[in-house]
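A look at the structure
The residues making up each chain are set out below.
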Amino acid sequence: MSDTDDWAERLRANRAEKDEFLDEHPQSPIPPEDRDGFDGLEYFDPDPEYRVDATVTVHDQPDPVEMETSDGRTVRYERVVTFAFDLGGESFDLHGYKQEPGDEAIFVPFRDKTTGQQTYDGGRYMELETERDLEDGDEVTIDFNLAYSPFCAFSDTFSCPYPPEENWLETTVEAGERHEQN
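The chain carries the name DUF1684 domain-containing protein in an unreviewed UniProt entry, which gives Halosimplex rubrum as its organism.

So, the nonpolar core
Residues Phe83, Phe85 and Phe144 are the most contacted members of the largest nonpolar core, which totals 24 residues. Elements represented by at least two residues in this core include exactly strand E1 (51–68), strand E2 (74–87), strand E3 (90–98), strand E4 (106–110), strand E5 (124–128) and strand E6 (139–143). Of the residues forming this core, the biggest block, 5 residues, is contributed by E2. Residues contacting Phe85, with those up to four places away along its chain left out, are Val52, Asp53, Ala54, Glu90, Ser91, Phe92, Asp93, Leu94, Phe144 and Leu169. Core analysis: the next-biggest nonpolar cluster, separate from the first, contains 18 residues, Phe38, Tyr97, Tyr120 and Phe154 among them.

Quick word on the confidence of the model for the chain
Scored by pLDDT, the chain has a mean of 93; 98% of the residues are at 70 or more. Confidence, expressed as mean pLDDT per element, reaches its minimum in the chain at helix H1 (residues 3–24) with 91 and its maximum at E4 with 98.

Structural notes on the pattern of salt bridges
In the structure shown here, the tally under the stated rule is 9 salt bridges. Residue Asp6 is joined to Arg10 by a salt bridge in which the shortest nitrogen-to-oxygen separation is 2.7 Å. Here Asp6 and its partner Arg10 are both found in helix H1, 4 residues apart, which amounts to about one turn of the helix. By relative accessible area, Arg10 is classed as partly exposed at 48%. Between Glu166 and Arg79 there is a salt bridge, with the nearest N and O atoms lying 2.8 Å from each other. Of this pair, Glu166 sits in the segment after E6 while Arg79 sits in strand E2, and the two are 87 residues apart along the sequence. By relative accessible area, Glu166 is classed as partly exposed at 30%.

Criteria and thresholds
- Residues numbered from 1 in each chain as written.
- Predicted model: local features only at pLDDT ≥ 70, side-chain atom pairs only at ≥ 80, totals over all residues.
- Heavy atoms only, no water.
- Core = buried A, V, L, I, M, F, W, Y, C linked by side-chain atoms within 4.5 Å.
- Buried < 20%, exposed > 50% of the residue type's maximum accessible area, 1.4 Å probe, protein only.
- Helix = DSSP H or I, 4+ residues; strand = E, 2+ residues; numbered from the N terminus.
- Contact = heavy atoms within 4.5 Å.
- pLDDT = per-residue confidence, 0-100.
- Salt bridge = Lys/Arg side-chain N within 4 Å of Asp/Glu carboxyl O.

Right, dumping it as structure tokens:
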């Protein structure tokens, strides 16, 4: 089995596990009365082209960023890193955020040209967990196949931050979760 086949198989297993959580877990964001009709999420096919190597720039003095939320509030994050990468022959930047300095994962919310059409109109999220603190010039893999819809896509009882304008990608990212608009 090639590395790509192995990666795609792990991705499919991850998706099946998430579908099971959404269908059965008491903390699922899908309202219990809607779970009978739930047959799993829609996903774009796994595509290794959407696994990109990104160069890291660390923000030693993180700038605060106020993000609007789905329930009209704002939440404060700090911009801790910038990821520079190429996708489809074009160069892009995405910023990574943390709410608290000790947060393990780097929060990477984004919008792209699928937002509001093939994907949730509030944007999608990725989380990047690293084995050590990132340093300027580090290379990390950003896998858009792991992009997911926030819980507020399934229920209004959740408050989800919307990606700030600096993370709106002027390209189409046909990877990760789909969320057709009703």
